[in-house]
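Topology and contacts: notes
Chain by chain, the residues run as shown.
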Amino acid sequence: MVIDERSATAAPVAAPVAGLRERKKRRTRNALLRAALMLFLAQGYERTTVDEITDAVRVSQRTFFRYFANKEEVVFALQELVESRFVAELHARPASEGPFEAMRGAALAAWDTVEVTLSEVVPVDLYMRSYRLIESTPALLAVHLRRCTDLEDRIARLIGAREGLDVDADPRPRVAVAAFCGVMRVTGRLWGQGEDTSVESIRRLTETYLDVIGPALTSTWRERA
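Rules used in this analysis
- Residues numbered from 1 in each chain as written.
- Predicted model: local features only at pLDDT ≥ 70, side-chain atom pairs only at ≥ 80, totals over all residues.
- Heavy atoms only, no water.
- Helix = DSSP H or I, 4+ residues; strand = E, 2+ residues; numbered from the N terminus.
- Rg over C-alpha atoms; globule rule 2.2 N^0.38 Å.
- Buried < 20%, exposed > 50% of the residue type's maximum accessible area, 1.4 Å probe, protein only.
- Contact = heavy atoms within 4.5 Å.
- Areas by Shrake-Rupley, 256 points an atom, 1.4 Å probe, with all protein chains shown as cover.
- Lys, Arg positive; Asp, Glu negative; His and termini not counted.
- Charge placed at Lys NZ, Arg CZ, Asp CG, Glu CD.
- Core = buried A, V, L, I, M, F, W, Y, C linked by side-chain atoms within 4.5 Å.
- pLDDT = per-residue confidence, 0-100.
- Phe/Tyr/Trp six-rings, centres within 6.5 Å; stacked < 30°, edge-to-face > 60°.
- Axes fitted to C-alpha atoms, helices over the stretch in contact; angles between N-to-C directions.
- Parallel < 35°, antiparallel > 145°, perpendicular 65-115°, else oblique.
- Left-handed = near helix turned anticlockwise from the far one by under 90°.
- Nonpolar A, V, L, I, M, F, W, Y, C, P; charged D, E, K, R; others polar.

Considering the overall build of the protein
Scanning the protein from terminus to terminus reveals eleven helices and zero strands. Listing the helices and strands of the protein from first to last along the sequence gives α-α-α-α-α-α-α-α-α-α-α. Against the 2.2 N^0.38 benchmark of 17 Å for 225 residues, the protein shows a C-alpha radius of gyration of 22 Å, more extended than a compact globule. In terms of principal-axis extent, the alpha carbons of the protein reach across some 85 × 60 × 30 Å. Within the protein, the proportion of its 225 residues that are buried is 37%. Within the protein, counting contacts between residues at least 6 apart in sequence, those at least 24 apart form 65% of the total. Accessible area for the protein stands at about 13500 Å²; split by element, carbon and sulfur atoms hold 54% of it. Across the protein, the 32 positively charged side chains and the 32 negatively charged ones have centroids separated by 4 Å.

Pasting the structure below:
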């Protein structure tokens, strides 16, 4: 094999330049995300304009739309990161665990690592406040529920694959995931109505509610004489 000496000397130079460019892109995207969320929280999602977001970061509208299709996509960018963490954790759960045990473990692990997941993007407190913003903004809540439906289908297929089932023929994965996601939505709403905005509080609430899902669905609630 003949190696072109010019290629051999030029190749190492290109990688750092590309890496620097990618880091700059990430910094710009993260700055836009942080500025947008802070404006949404300060003055409301619907009242905030793209111009205000770009002015805060001192970039053009063209730059904003290079990273985000619209304001809605900005709001849910962090949700996607956390959801991806949950899915990754679910993939990693031991095969010996049943569906509910695996989803419970993945959900709690995702909350345990949420700060690490978001550390390069935004402070975790900003994410938690944006979570409440979604719950309290009708337009965003509607989008959130639609996205939840898509996520449920993704999780159901993952659970089906874990159990060796065809989700289109066997209803159990979809039923189990619907119950699990219903509990997650309830805990999110209840947490949003409370005063404690910490990660620990929503993790604790999530764990409490997930731990009673089995008995709530399979046992008799009334005491019998």
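Brief notes about the nonpolar core
Judged by nonpolar contacts, the single largest core of 35 residues is most densely connected at Leu33, Phe40, Phe68, Leu78, Val114, Tyr127 and Met128. Contributions of two or more residues to this core are made by helix H1 (5-43), helix H2 (50-57), helix H3 (61-67), helix H4 (71-92), helix H6 (114-118), helix H7 (124-136), helix H8 (138-163) and helix H10 (199-211). Looking at this core, the element that brings in the most residues is H7, giving seven residues. Once residues within four sequence positions are removed from consideration, Leu78 is found in contact with Leu33, Leu37, Leu118, Val121, Val122, Tyr127 and Ser130. Core analysis: the next-biggest nonpolar cluster, separate from the first, contains 20 residues, Val87, Met103, Leu151 and Ala156 among them.

Some words on the confidence of the model for the protein
Of all residues in the protein, 91% attain a pLDDT of 70 or more, and the chain-wide mean is 88. The spread of mean pLDDT over the elements of the protein runs between H1, the lowest at 77, and H2, the highest at 97. Scored below 50 in pLDDT, residues 1-13 makes one contact in the model with residues more than four places away or belonging to other chains.

Considerations on unusual backbone geometry
If you check the backbone angles, Arg58 has positive phi at about 65 degrees while not being a glycine. For Arg58, the position within the fold is in the loop between H2 and H3. Judged by relative accessible area, which is 77%, Arg58 ranks as exposed.

Observations concerning the packing of aromatic side chains
In total, this model carries seven aromatic pairs according to the counting rule given. For the pair Trp111 and Tyr131, a centre-to-centre distance of 6.3 Å together with 75 degrees between the ring planes defines the contact as edge-to-face. Pair noted here: Trp111 is in helix H5 (residues 99-112) and Tyr131 is in helix H7, with a separation of 20 residues, a long-range link. Of the two residues, Trp111 and Tyr131, neither departs from the other in class, the shared state being buried. Each member of the aromatic cluster is reached from another via a ring pair, and the members are Trp111, Tyr127, Tyr131 and Trp191.

Focus on the packing of H5 against H8
For the pair H5 and H8, the least separation of the axes is 11 Å and the interaxial angle reads 130 degrees. Between H5 and H8, the angle is such that the two are oblique. Here H5 and H8 pass one another in a crossing that is right-handed. Contact with H5, carried on its side by Pro99, Ala102 and Met103, involves Ile155, Ile159, Arg162 and Glu163 of H8 and no other residues of that element. Of the residues in the contact of H5 with H8, the class split is five nonpolar, no polar and two charged.

What about the packing of H4 against H8?
Helix-helix packing is characterised by the crossing angle of the two axes and by the distance between the axes. Running from amino to carboxyl end, H4 crosses H8 at an angle of 20 degrees, the nearest separation of the two axes being 12 Å. When the interaxial angle is binned, H4 and H8 end up roughly parallel. Once H4 is placed against H8, the crossing between them reads as right-handed. Here Glu72, Val75, Phe76, Gln79, Glu80, Glu83, Phe86, Val87, Leu90 and His91 of H4 lie close against H8, whose contacting residues are Leu140, Val143, His144, Arg146, Arg147, Leu151, Arg154, Ile155, Leu158, Ile159 and Arg162.

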